[in-house]
Amino acid sequence: SDQNSPVPDEDRARHTELVRELDDHSYRYYMGRPIISDAEYDALMAELQRIEDRHPILITQDSPTQKVGAPISVDFAEVEHLVRMESLGNAFDVDELNAWADRASAEVPVESYLCELKIDGLAVDLVYENGRLARAATRGDGRVGEDITLNVRTIEAIPERLDESVRPAPELLEVRGEVFMKVEDFHALNDRITETKEHPPFANPRNAAAGSLRQKDPRVTATRPLTMIVHGVGAYTPAPGAGEDAAFTSQSQAYRLVGEWGLPLSDRYKVVTSMDEVRSYVSYYAGHRHEPAYEIDGIVVKVDAFSLQRRLGSTSRIPRWAIAYKYPPEEVTTTLTDIKVGV
Ligand code: NAD
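Just so it is clear, the structure is predicted and the values come from calculations on it, not from any experiment. By convention here, each chain's residues receive numbers from 1 onward along its written sequence. Local features are withheld for residues below a pLDDT of 70 in this predicted model, meaning they are given only at 70 or higher, and side-chain atom pairs are given and counted only at 80 or more; totals for whole chains, interfaces and linings count all residues.

## A closer look at the domain arrangement of the chain
Here comes step 1: Where each domain begins and ends follows an automated or database-derived domain assignment. Domain boundaries assigned for the chain yield domain 1 (9-58) and domain 2 (78-342).
Here comes step 2: For domain 1 and domain 2, the distance between their C-alpha centroids amounts to 25 Å.
Here comes step 3: Facing the 9 residues of domain 1 at the interface are 11 residues of domain 2.
Here comes step 4: A class-by-class count of the residues in the side of domain 1 that touches domain 2 yields 5 nonpolar, 2 polar and 2 charged. Placing a C-beta atom from the backbone of each residue, one calls two residues in contact when those atoms lie within 7 Å. The residue classification treats Ala, Val, Leu, Ile, Met, Phe, Trp, Tyr, Cys and Pro as nonpolar and Asp, Glu, Lys and Arg as charged. All others, Gly included, are polar.

Dropping the structure here:
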């Protein structure tokens with residue numbers, strides 16, 4: 001690519017068109033109403049990436065290749081996250097997974113990895129102040145999300161107050177997780193809304209979760225079978241006088257603490273000490289994709305130690321200390337009919 005070569009009119013025009021289309025699809029997707037499949041979206045994104053590789057001068061900060069998520073809906077107030085929320089880099093085969101691990105190990109001495117399921121739902125950010133749920137938000141563009149506090153309060157799995165029976169609640173705790181619908185609950189919901197004509201049926205559990213959580217009226221959200229599993233932490237100020245053992249030193253140790261405070265954890269995450277074990281975890285769930293009660297679209301692998309996560313850092317949109325191993329899509333042939341009922 002050559003910074004100085006003039007950009008042909010047709011590339012410039014296609015670039016503008018792709019940016020507009022991708023922004024539009026992204027907005028629909030986060031509303032729970034996509035009109036194209038993920039594979040089609042990814043193909044448009046790859047086309048945009050190729051144009052930008054040829055003409056880096058076209059890359060702006062708000063290009064879909066550079067940013068996280070979607071524009072904020074006017075239906076919700078804006079909330080600034082205390083710590084930025086990122087997306088995840090992808091590996092589509094074992095070579096790409098190994099390449100990620102090699103890059104990380106070339107920079108820092110990785111001793112353990114945390115492997116977990118990539119649940120197909122939507123990310124939420126919860127802020128607990130002195131043990132009380134003060135605020136909940138969508139990921140939004142990663143810096144600013146949508147205030148969905150009232151909707152999140154209707155989700156039973158998310159405690160209003162942290163459990164202090166093991167240790168006192170921290171002054172401040174920002175925790176992230178995936179809100180989703182179990183497959184069985186999704187089918188029951190679709191049957192119900194089809195019968196009552198309350199709403200057109202949803203194409204899949206992810207769309208149902210996104211559409212249900214981002215309701216203007218929390219009373220509607222309250223009727224939807226949503227649940228949540230924690231997959232990260234953000235800002236954290238321990239309780240005054242809390243000892244060393246209340247410090248967050250690793251992903252797995254932070255999970256143990258937030259679990260003690262009553263936040264919902266997965267029983268399927270695993271801390272391992274070698275890439276061989278990471279690859280076994282990935283191949284186990286490739287063959288047992290439907291064992292969990294919810295849909296997964298891959299595996300997430302994270303460098304466990306927070307000191308190493310900090311040293312590895314992030315790009316503008318993804319951490320270098322984590323990667324999503326994506327399984328191939330399963331519903332390619334039913335996509336079109338799914339989309340028809342979903343609109
Ligand atoms: P992503 O969904 O691939 O990965 C990041 C997200 O994974 C996080 O925000 C989090 O919500 C989730 N996650 C689940 N389990 C997790 C775990 N254990 N640890 C950490 N995070 C976990 O990235 P994205 O940026 O949200 O979206 C990109 C994807 O969305 C692409 O697959 C794209 O095809 C699809 N998309 C589709 C359309 C469409 O119109 N069909 C539009 C926009 C985006």
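Text resumes after the structure shown.
## Considerations on the UniProt feature "active site" (unreviewed entry) in the chain
Here comes step 1: UniProt positions are given in the numbering used here, feature names are shortened, and annotations may be inferred rather than shown by experiment. Per the UniProt entry, the sites bearing "active site" (unreviewed entry) are Lys-118 in this numbering.
Here comes step 2: Starting at the N terminus, helices and strands are each numbered in turn, a helix being any DSSP run of H or I of at least four residues and a strand any DSSP run of E of at least two. Tracing the backbone through its elements, the reader meets Lys-118 in strand S3 (residues 113-119).
Here comes step 3: When neighbours within four sequence positions are excluded, Lys-118 is seen to be in contact with Ile-296, Asp-297, Gly-298, Ile-299, Val-300 and Ala-324.

## Some points on the site of the ligand
Here comes step 1: Throughout this description, a residue near a molecule or strand is one whose C-beta atom, derived from the backbone, lies within 6 Å of it. Around the ligand sit 24 residues in total, of which Tyr-29, Asp-38, Ser-87, Ala-123 and His-231 are the nearest.
Here comes step 2: Take the shell around the ligand: its biggest share by element is 4 residues, from helix H1 (residues 9-30).
Here comes step 3: Looking at the shell around the ligand residue by residue, the class counts come to 11 nonpolar, 6 polar and 7 charged.

## With respect to the pairing of strand S10 (residues 296-303)
Here comes step 1: A large share of S10 lies buried, amounting to 6 of its 8 residues.
Here comes step 2: Should DSSP find at least two bridges between two strands, the strands are regarded as paired. Where S3 meets S10, 7 bridges bridge the pair, whose relative direction is antiparallel. When the bridges of S10 are listed, Glu-116 appears paired with Val-300.
Here comes step 3: The pairing of S10 with strand S11 (residues 322-326) spans 5 bridges and is antiparallel. Opposite Gly-298, over in S11, you have Lys-326 as the bridge partner. Three exposure classes are used, based on other C-beta atoms lying within 10 Å of a residue's own C-beta, which is placed from the backbone: buried for 20 or more, exposed for 12 or fewer, and partly exposed in between.

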